[in-house]
Structures are given as structure tokens and as C-alpha cells.
4 protein chains.
Amino acid sequence: MSRPHPDGRVRAAAVALFATKGFHGTGIRELADAVGLSSATLYHYMGTKEDLLVDIMQTSLDRLLTAAGQVLTESPSPVGAMNGLVRTHVVAHALRKAETAVVDTELRALSPERRRPITALRDEYENVWGSVIEKGQASGSFQVPDLSVARLALLQMCSGVANWYNPGGRHALAEIADMHAQLSLAMLGAEPEPGLPPAAHYIHLVTGIWGDDAAPG
Amino acid sequence: MSRPHPDGRVRAAAVALFATKGFHGTGIRELADAVGLSSATLYHYMGTKEDLLVDIMQTSLDRLLTAAGQVLTESPSPVGAMNGLVRTHVVAHALRKAETAVVDTELRALSPERRRPITALRDEYENVWGSVIEKGQASGSFQVPDLSVARLALLQMCSGVANWYNPGGRHALAEIADMHAQLSLAMLGAEPEPGLPPAAHYIHLVTGIWGDDAAPG
Amino acid sequence: MSRPHPDGRVRAAAVALFATKGFHGTGIRELADAVGLSSATLYHYMGTKEDLLVDIMQTSLDRLLTAAGQVLTESPSPVGAMNGLVRTHVVAHALRKAETAVVDTELRALSPERRRPITALRDEYENVWGSVIEKGQASGSFQVPDLSVARLALLQMCSGVANWYNPGGRHALAEIADMHAQLSLAMLGAEPEPGLPPAAHYIHLVTGIWGDDAAPG
Amino acid sequence: MSRPHPDGRVRAAAVALFATKGFHGTGIRELADAVGLSSATLYHYMGTKEDLLVDIMQTSLDRLLTAAGQVLTESPSPVGAMNGLVRTHVVAHALRKAETAVVDTELRALSPERRRPITALRDEYENVWGSVIEKGQASGSFQVPDLSVARLALLQMCSGVANWYNPGGRHALAEIADMHAQLSLAMLGAEPEPGLPPAAHYIHLVTGIWGDDAAPG
DNA sequence: GATGAATGAGCGTTCATTCAT
DNA sequence: TATGAATGAACGCTCATTCAT
């Protein structure tokens, strides 16, 4: 087995460092050290530091959108769709806590021009959640005081997993996903629906999109 | 002799800048410009940049703890306490979105020694929420899959208000507080309890602690 | 007597270094060393390196224009004006060889936006020479094959003094100015005109504009 | 084993870039891009960047010396020799403006050891002009105030053509050469001599030495 | 109080050059 | 021939901080 491509190792190290110390708190030499290269060599594999951040965010949001798309495809009812969105989101934010945390935290580090398309992707993703909530409210499956407040509250709650999830912690990933699905549906005033796929299904979905090879981030 | 206490205007400007651009993304000259002083003069009003951040966080967490203490004093039941905690938290995170966002985001910018006492304060505050949830679960008022997961999810959700609240937005602050109380209690599987104080009560409580004079942050 | 203002010392050192090693061949730390400051302190007294170059060029061209204006004022005839232009130009390029060489050599180091106004100043100065040649040709005092070729050839020849003038050299400055006046008028096919001011007059004019205080550059 | 000889395309690109942006203002990757090679491959065709500059200058000065030698051979009188030197110099500085400008401008970019032999070549060339002027002055054909000042002024004037010559400009090359011959002889106080070769003769001489194949530089 | 002056350290980035393939 | 990969050194510039006035 050969060493993984430096391009990927740079990205992985950047994800880890940006998540831990923030974009502005991470130096280019620190990143180079983490990869085992000189800072000059780093620029063989990347553009600017900002390019690197943009790439990380874009990739991550693309994957979240892909996952959400698959969930919608296989889930006809609002309750089923919501269940799937929450579980994939939670699983992704647990398995790739660094990567997702960077997306959630470092938007402000981008210059306005670079920020715009990233924000657009994020909005696109959040709109998926919004439309599911809307459909559920319209069909009577959900009872929320306000559509967009519910969407924001829900997303915020589920993204928070990236802040505290611990692979060796008290709860297995599947349990955490289950609990968040349960809490979310309760928040939406929804009746539990029988026959929904178990957490394992969504774990598989997420790992299929993100891949297992690279170090989780 | 202790460090000089930062002038209110310095503190306010720092809060605004740290919230917008992050601690590491904010320069000391930028802060000085915002206050209308030279960077050298700034050091008459503060210790180091890190001292300033610590001070901001400490003050903010102290106030949250004070508010939580008052809520507990006046709320005998778990449902009433939870209702109060959520509303004060939401109101504080709306009226002082910058300040509270800094506390939630910039912990990682602190050196380990300075971080420890701040983390302790934050844990103390979160424990208040935890013990109310525990009491409610024990008394049968709440039905949650896991105590600590519920606590984390709840806090994350309510803190998120600081990210999107807009004073001139679609919903009045009281409405937002009401909605979050409703969503939270639904999440906890609690029956609505009659006779709880309205949002205005908690807005008053928060403004009493934070003061109205300074620009909100 | 106090030390001269660092601002001026920075400019003087920059002029010397830019003239000797070129703009791109001069490092900011090299400049700082020459002034006896740290590179960080340098930025207390200047903007960017390019700002510094622009400032040097602007000042120099302004002075040349001022000198040319005074010459025109006091010289009615084309022969007299040309005599004065050549002598002031040569004297300036001898006494301030570094400064004038920078103007002649480093235009290309400027970014297009910064170059434009400097080029405009240079063109304005060259146009003074052009219109004197034109007037002389029209009045029959000069006999040149082409107006603009004569202007370019003349200016080039006189500017060259900055490349080889040596304060302690074989010829005194006044002699060099005299010779260039003679060569120039011969080139233009002009009859020598009696009663023109001696070189000393133009040396005085130049030193009056440039000042004696700072180190020559 | 000597240094690899730079490929013609590398040399041509270097000449163009050094002339436009200066030696220090031109990057090795920029040069590689211009040739369509990688920067690593460039080093198969050249030694160091400085070697490249030395080679350019040496070749150019060798050619100027060759041209001057041919002129002297075919021109017995000082006036005829001067006429030929000026015309070949002007033609070379027009047809190969980039190359000649690099020689005139970038001497300072060389390290002292590499500069010495180049300076020697340049001095040798300038001495040819000097001795012709001296002979003309001795024989009474020229009337100049000072031998070396005249030499410097003359050379500077004629080299200046490289700064402004434009192949599609108002004047044909032959005209420009004629005018400079006329201006130069006037400067030297020389009577026009009948029977001198036309500009075309010297254009042919220059193109014979420099070759037509490569892009002019 | 308030600031201009000063700096060592570090920033993100590019430099000319080498070398294994 | 040709290049991707690699680097130590340097680039122009900014950082948080100090201190004499």
C-alpha cells in the first residue's frame, strides 16, 4: 500500500487544524508541519490558504446535498424524509465532525466574493429541510409555531453534534442518531411513523458518500 | 493590583469585532480604530488581547448564571424552570447576540490556562439546565431518550438564535422566545403548564441584568 | 542640531538603493538596514514599497517641472530657453543622479495604475522641451531633421549624465553643463547667442529647488 | 564541460522579459511559461538565471563589436567611421531594442565577478567610438569641447533609440538612422562628407550579423 | 490619559534551484 | 527531454506589544 496522495493529506490536515484552531488561528507552517512538508511545497498542492478553505467547504456541502437528495428520493412522507435528513445530518456531523464544523464556523473567514457561492450551497441545503417542514405542516403531520424558526432550531440542534460527539463515548453513533430523530420529530409535533429505516441505513448512506479511506474529519 | 478594567467602549467594540471576524481575525489596530484611539492608548484600558476576551466571556457567563439563578428561584416546577431558562437564554442570545456568540465560538482561542476557568463557568451554567431536565425526567414531567443528549441538543438549539436573530425581523423577540419555549417543551415531551410568566417577564429579567445603556452586543 | 527626520532618511536611502540595485533588486530589509531601523518600523514612515517609489518619482518630476518653468520665464528666445533647459537638466542629473536615474529607469516597476500619473508628469516635462524645439525650428534658430527625434535624442543625451557624473571627476559641474549646452545647440544647428547666463546661474536655480540639506540622491 | 547553451527560444523569451520587466522583475516560472516549458526543464537549456543574462549580454556586445570592426575596416576617414558607427548602433538598437536595452540596463544585476568581463566588452566597444572621435578631433574634422564627454553623450543619445523605436512608427528605420547620423555629426561640429554609404548599407550589415531567423529582441 | 515610535516574531506567499524519475 | 516534487531562503508586510514622552 502506498502513501495517500499528498493533496488529500493536505486537505485532511487542514480540516483538522481549521476545526481545532480556526482558519485565522492556523498558520501555513503549522499546516505544513502537520503534513510533513515544507511550507513552500504546500503550495505545490494547493492554491492560497483561502482556496483550501473554499475547497473544503464546497466538498462538504456537496456531499451533504448529495445525501439529502438520496434521502428525499427514498422517503415519500414528510415524517420519513425528516427522519432521514436528521439522521444523515447527525451521522455526517459525528463521523466528519471536523469538516462539518469548519463549514458551520468559518464562513466569516472567507472574502465576500468567495463566500457568496458557498453561502448559496448552504442555503440550498437548508432549503431542503425547509421544504420538508413546510410539506409536513401543510399535510398536518407537523405542528410548528413557525416554519423558518423550526428549520433554524432543528438544524442548529443537529449540527451541534459535531461539537461534542466522541467516537468512544457513552452512546453509539446509531443511538445518537436515533435520539436526535426522536427529539426532532417531537419538536415538530409529529407522531412516530412505523417502518422507517434504522440508523444503520443512514450510516451506510453517509459512509458511502464520504468514503472510508481518508481519516475522518 | 489587577489588570485595568476595559472601558465600556473598548469592550463593546471588541465584542462586535470578535463576533463578526473572530478573535484571530481581529487586529488590535482595527479595534483601536473602532474606538477612535491609537493602539497604544488601548493598552491603558485593557491588558492583553486575550485578557479582553477572557473578560468578555467571564462577564457574559456570569450574567447568564445570574439570570438562571433568578429563574430557578421563582420557578418551582421543572416545566416552569425549563420555560424560564429557555426564554432567558433565547432573549439574551437575541439582545446580546454578539457577546453570546463570542462566548460560544471563541473558547478555542484561549490558551489552556485561561480557558479552564471559563469552561468551568460554562459547565456550571449547563449543569443548571442538566439538573432541571433530570428533575423533570424523574418527576415524570419530561420524557427524553437521554439526559445529556437532551441538554446538549436543547442548549445548542437555543444558542443558535444568536446566529440569525434580527431586531427588525419578521418576528418580535417575545414571539421568538415563546416559540423556542414551545419547541423545547415539545422536545422534552412535556405537557404545557398554565400560569407561566409571559416572555415580557424574561425580557425584563434579562435587560435588568445586562443593562440598557451600552450598545447591545 | 537634531537627527534629520526619519521620513527623509528613508526616502534618501531608498533613492540610493533603487538607483544602485533597482527597485526589484532592493529588499525591504536592506532598506531598513540602510536607515538603521527594523523593517517593521519602516512601515511607520511609509506606505508600501511602491508608494515609496511613486513618491520619489513624483517629487523628482515636480522639481524638474518647476525648474523648467523658471527657465522659460526668464528666457525669451528659443536658444536661451534651450540653453537653460539643458543646463538645469544636466545639473539636476549630476547633483541628484540617483534620484533622476530612478525616475528614468524604474517606471516599468510601477503597476499600470500607479504608472499612469507619473508618465503624465514625465510627458508634461518632455513637452516643454518639445515646444521650445518647435518654436526654434519655426523661427529659424534651429535646423533639425525631425522635431520629436531631436527632442528624444537631446533628452536622452542629457539624462545620461546621471550615469557617469562623478563629483570628484575630471570636469567641474559647470564645465559639464557648459559642454552639454554647446553640444546640444550644435546638434540643433543653432548659432551661439551672446549674453546667456553662466552655468552658475542654473546650478543656483537647481540647488534652490532641490535644497542642500538632505544627502544628494 | 561548459554550461548548456540556451536554446534560442529560451534566450528570445528571456530577452523580451528582461527588457520589459527587468532581470529582477522576471521570474523563472514566468520565463518557463513564455517558452511553454516547465521551470525544471528550463534548466536543461541554461545554467542559472544569471548565466542566461551574461550570455545575452556577451552575445549582444560581441555582435556590436563585430559590426564596429566591419565599419572601421570599410571607413577610412573619421567622419565616415563615425557615420557608420552611429548608423549601425542605431539600427541595432532599433531592430534589437530588447536585447540592447537589456545590455544597457541590467549590468547592475550581475554579481561583481560576472560583471567584470561584460564591462570590459562594453568598454572595448565604447573605446572604438572614443578613438574615432579622438582621431577626428586631431585631424580637425571634429570640434568638441571634451573627448570623453562627447563620447558619452553620443553613445547615450544613440542608445536611446531602443527606448522609443517603433517598427510601425512615423519614421522608417533608414530615416531614423539618417537623422541620428546627421545629429551626431552636427554635435561633433563635422562638415558633411559626400559619398558615404546610405543607411541601407548598414541595415544590411546589422541584419547580416544578428540574423533574421529569430524574433527580434 | 494619550500617542508616535519602535520592534521581534510571524504572516501568507514566491523565489531560484535541485533531483529522482 | 521533460517534469512533478521538493526545499531553504527570502519576499513584502502585519502582528501584538512596549515605552519614553
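Throughout, residues of each chain are indexed from 1 in the direction in which the sequence is written. In the order they appear in the text, chains get letters beginning with A and ligands get numbers beginning with 1. Side-chain atom pairs in this predicted model are given and counted only at pLDDT of 80 or more, local residue features only at pLDDT of at least 70, and totals for whole chains, interfaces and linings cover all residues. Computation of side-chain values covers all heavy atoms of the structure but excludes hydrogens and water.

As annotated in an unreviewed UniProt entry, chain A is TetR/AcrR family transcriptional regulator from Actinoallomurus acaciae.

Caption draft 1: Spatial organisation of the overall build of chain A. In this description a helix means any DSSP run of H or I spanning at least four residues, a strand means any run of E spanning at least two, and both kinds are numbered starting from the N terminus. Looking only at helices and strands, chain A features 11 helices and zero strands. Written out in order from the N terminus, the α and β elements of chain A read α-α-α-α-α-α-α-α-α-α-α. Scaling as 2.2 N^0.38, a compact globule of 217 residues should have a C-alpha radius of gyration of about 17 Å, and chain A matches this with 18 Å. Summarising its shape, the C-alpha atoms of chain A cover approximately 60 × 40 × 30 Å along the three principal directions. Pairs at least 24 apart in sequence give 76% of the contacts found in chain A among residues at least 6 apart. Working definition of accessibility: Shrake-Rupley area with a 1.4 Å probe, residue cover restricted to the visible protein chains. Of the roughly 9600 Å² of accessible surface on chain A, a fraction of 53% belongs to carbon and sulfur atoms. Here chain A contributes 18 positively and 23 negatively charged side chains, and the mean placements of these two sets differ by 7 Å. When we talk radius of gyration, it's over C-alpha atoms, and the globule rule is simply 2.2 Å times the number of residues to the 0.38. Residues count as neighbours in contact if any of their non-hydrogen atoms are within 4.5 Å of one another. Just so you know, the count uses Lys and Arg for positive and Asp and Glu for negative, and it drops His and the chain ends. Here the site of a charge means NZ on Lys, CZ on Arg, CG on Asp, or CD on Glu.

Caption draft 2: A look at the protein's contact with DNA strand F. For this description, a residue counts as near a given molecule or strand if any of its non-hydrogen atoms is within 4 Å of it. Taken together, 31 residues lie near DNA strand F, and Y45(A), Y43(C), A40(D), H44(D) and Y45(D) sit nearest. Put simply, 52% of the atoms of DNA strand F that lie within 4 Å of the protein are in sugar or phosphate. Take S38(A): an N or O atom from its main chain is 3.1 Å from a phosphate oxygen of DNA strand F. A distance of 3.0 Å separates a phosphate oxygen of DNA strand F from a polar atom in the side chain of T41(D). Secondary structure elements with two or more residues in the surface near DNA strand F: α3 (39-45) of chain A, α2 (28-35) and α3 (39-45) of chain B, α2 (28-35) and α3 (39-45) of chain C together with α3 (39-45) of chain D. Of the residues belonging to the surface near DNA strand F, the class tally is 12 nonpolar, 13 polar and six charged. Two N or O atoms form a polar contact when they lie within 3.5 Å of each other; inside protein one atom must be a possible hydrogen donor and the other a possible acceptor, and for residues adjacent in sequence the pair counts only when both atoms belong to side chains. Nonpolar residues are Ala, Val, Leu, Ile, Met, Phe, Trp, Tyr, Cys and Pro. Charged residues are Asp, Glu, Lys and Arg, and all others, Gly as well, are polar.

Caption draft 3: A look at the interface of chain B and chain A. Counting residues at the interface gives 30 residues for chain B and 30 residues for chain A. Where chain B abuts chain A, roughly 2600 Å² becomes buried across the two surfaces, and 65% of that area is made up of carbon and sulfur atoms. It is R108(B), Q156(B) and L183(B) that lose the most area in chain B upon contact with chain A, and together they represent 24% of the buried surface on that side. Basic side-chain nitrogens of Lys or Arg form a salt bridge, by our definition, when they fall within 4 Å of a carboxyl oxygen of Asp or Glu. Taken together, the connections running from chain B to chain A amount to four salt bridges. Between R108(B) and E106(A) there is a salt bridge, with the nearest N and O atoms lying 2.7 Å from each other. For the pair chain B and chain A, the interface holds nine residue pairs in polar contact (both at pLDDT 80 or more). Put simply, the parts of the chain that give the side of chain B that touches chain A at least two residues each are α1 (8-21), α8 (147-159), α9 (161-164) and α10 (173-187) of chain B. Among the elements that take part in the side of chain B that touches chain A, α8(B) stands out by supplying seven residues, more than any other. The term buried area means the drop in 1.4 Å probe accessible area that two parts suffer when joined, counted for both and summed.

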